[in-house]
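Secondary and tertiary structure notes
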Amino acid sequence: MLAEIDRTRLPRHVAAIMDGNGRWAAARGLTRIEGHAAGVESVRDTVEGAARLGLGALTVFAFSSENWRRPPGEVAALLELVGRYLRQETDNLVANDIRFRAIGRLGELPTDLQAGLGRTTEATKACRGLTLSVAVNYGSRAEIVDAVRRIAARAAREGKAPELDERRFGEYLTTSGLPDPDLLIRTSGEMRVSNFLLFQSAHTEFWTTLTLWPDFRQRDLYEAILAYQRRGRRSGGPG
Ligand code: FPP
């Protein structure tokens with residue numbers, strides 16, 4: 001399938017809402033936490049596949065600002081899985097020239113996780129291949145509100161509002177510097193946007209699959225990209 005992909009027309013940025021860990025676990029008589037742990041394998045494989053293909057940017061939704069409402073044990077396990085991923089994968093990310101960044105309200109996370117996110121970001125900052133962004137404690141409306149607050153604070157500091165247009169506004173978002181996602185993948189058959197990259201996905205193509213996230217592999221990523229390449233991108237302009 002890799003051979004069928006036109007490398008000259010890759011989406012510049014692919015985003016993924018990783019859904020279905022709980023259902024995957026329930027179908028096997030496992031705990032939800034075991035489902036999330038299986039989902040980490042899918043993250044590893046998908047990141048490897050994205051780097052192998054030569055994608056510029058991949059952003060995955062690991063923990064939403066709404067996820068705090070889950071049972072405390074599940075919240076702790078999810079955050080611990082992110083921390084463990086960082087400890088286990090940082091060397092691999094560097095070896096594969098993958099630059100890591102975290103997006104979300106990171107200051108509200110446990111301090112050891114904040115430190116881990118900071119270490120991996122620092123260790124990979126010179127990497128120039130794939131940019132892997134992991135959204136942790138991320139909610140798009142909060143991100144937009146935070147951006148407006150920073151703009152207001154700057155206006156108060158400088159005595160005048162900064163010049164703004166859509167591009168400049170994007171520089172106040174946590175995805176600053178990344179192209180908008182061309183393709184958003186959501187697994188498990190769900191069709192919602194779930195407060196993910198709302199400003200950034202104005203022209204994004206959506207692709208959903210019934211596959212549950214723990215079953216998602218590189219071949220599914222490639223299938224999504226092939227489907228994307230078969231669609232005509234119009235962005236509201238003429239056909
Ligand atoms: C949705 O499944 C998935 C999540 C809330 C968490 C996704 C997190 C991971 C895959 C692991 C950590 C990530 C990294 C980057 C190491 P769900 O629990 O809502 O599933 P359900 O809809 O079937 O109940």
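Before reading further, recall that the structure is shown in the block above.
Keep in mind the model is a prediction, meaning the values are calculated, not measured. (Residues numbered from 1 in each chain as written. Predicted model: local features only at pLDDT ≥ 70, side-chain atom pairs only at ≥ 80, totals over all residues. Heavy atoms only, no water.)

1. So, the site of the ligand
Let me state the cut-off plainly: Think of it this way: one heavy atom of a residue within 4 Å of a molecule or strand is enough to make that residue near it. Whenever two N or O atoms come within 3.5 Å, that pair is a polar contact, provided that in protein one can donate a hydrogen and the other can accept it, and provided that, for residues adjacent in sequence, both atoms are side-chain atoms. The accessible surface values rely on the Shrake-Rupley method and a 1.4 Å probe; as for residues, cover is taken only from the protein chains in view. Under the DSSP-based scheme used, a helix requires at least four consecutive residues in state H or I and a strand at least two consecutive residues in state E, with every element numbered from the N terminus. In this classification, the charged set is Asp, Glu, Lys and Arg, the nonpolar set is Ala, Val, Leu, Ile, Met, Phe, Trp, Tyr, Cys and Pro, and all remaining amino acids, among them Gly, are polar.
Taken together, 17 residues form the shell around the ligand, and within it Met-18, Gly-22, Arg-23, Arg-32 and Arg-70 come nearest. Gly-20 places a polar main-chain atom, nitrogen or oxygen, 3.4 Å from an oxygen atom of the ligand. Note that an oxygen atom of the ligand is positioned 2.8 Å from one of the side-chain N or O atoms of Arg-32. When the ligand is considered free in solution it has 630 Å² of accessible area, and contact with the protein chains removes 91% of it. Looking at the shell around the ligand, the elements with two or more residues in it are α1 (21-27), α2 (32-53) and α3 (72-95). With four residues, the top contributor of residues to the shell around the ligand is α2. Classifying every residue of the shell around the ligand gives seven nonpolar, six polar and four charged.

2. With respect to the nonpolar core
Within soluble globular proteins, side chains that are nonpolar generally end up buried alongside one another. Rule in force here: Definition used in this section: a nonpolar core is a set of buried Ala, Val, Leu, Ile, Met, Phe, Trp, Tyr and Cys residues joined via side-chain atoms within 4.5 Å. Each residue is assigned to one of three classes by its accessible area relative to the maximum for its type, calculated with a 1.4 Å probe on protein chains only: buried under 20%, partly exposed between the two thresholds, exposed over 50%. Any two residues having at least one pair of non-hydrogen atoms within 4.5 Å are treated as being in contact.
One finds Val-47, Leu-117, Leu-132 and Ile-185 to be the most contacted residues of the largest nonpolar core, which totals 46 residues. Apart from the residues within four sequence positions on either side, Val-47 is in contact with Leu-58, Tyr-85, Leu-93, Ile-98, Leu-130 and Leu-132. Residues Ile-17, Phe-61, Ala-135 and Tyr-138 belong to the second largest nonpolar core, which totals nine residues.

3. Some words on the packing of aromatic side chains
Selection rule: Stacked, edge-to-face and tilted labels apply to pairs of Phe, Tyr and Trp rings (six-membered ring for Trp) whose centres lie within 6.5 Å, assigned for plane angles under 30 degrees, over 60, and everything in between, in that order.
The full count for this structure, using the stated rule, is six aromatic pairs. When the ring of Phe-169 is compared with that of Phe-199, the centres are 5.1 Å apart and the planes differ by 50°; the resulting orientation is tilted. Placement of Phe-169 in helix α6 (residues 166-170) and of Phe-199 in the loop between β5 (183-186) and β6 (205-208) is noted, with a sequence separation of 30 residues between them.

4. Considerations on the side chain of Ser-64
Considering the arrangement of structural elements, one finds Ser-64 in strand β2 (residues 57-64). In contact with Ser-64, not counting residues within four places along its chain, are Asn-137 and Tyr-138.

5. Focus on the side chain of Ser-140
Looking at the element boundaries, Ser-140 is found in helix α5 (residues 140-158). Judged by relative accessible area, which is 0%, Ser-140 ranks as buried. When residues no more than four places from it in sequence are discounted, the contact partners of Ser-140 are Asn-195, Phe-196, Leu-197, Leu-198, Phe-199 and Gln-200.

6. Considerations on the environment of Glu-163
Inspection of the secondary structure assignment puts Glu-163 in the loop between α5 and α6. Separated by 61 residues in the primary sequence, Glu-163 and Ala-102 have C-alpha atoms spaced 27 Å apart.

7. Notes on the packing of α3 against helix α4 (residues 111-123)
So the rule is basically this: Note on geometry: axes are lines fitted to C-alpha atoms, helical ones only across the stretch in contact, with angles between N-to-C directions running from 0 to 180 degrees. The scheme is simple: roughly parallel for angles under 35 degrees, roughly antiparallel for over 145, roughly perpendicular for 65 to 115, oblique for anything else. The crossing is said to be left-handed when, going from far helix to near helix, the turn is anticlockwise and less than a right angle, and right-handed when the turn is clockwise.
Here α3 crosses α4 at 15°, and the two axes come no closer than 10 Å. Taken together, the axes of α3 and α4 are roughly parallel relative to one another. Every pair of crossing elements has a handedness; the one defined by α3 and α4 is left-handed. Taken together, the residues of α4 that come into contact with α3 (itself represented by Leu-79, Val-82, Gly-83, Leu-86, Thr-90, Leu-93 and Val-94) are Leu-113, Gly-116, Leu-117, Thr-120 and Ala-123. Of the residues in the contact of α3 with α4, the class split is eight nonpolar, four polar and no charged.

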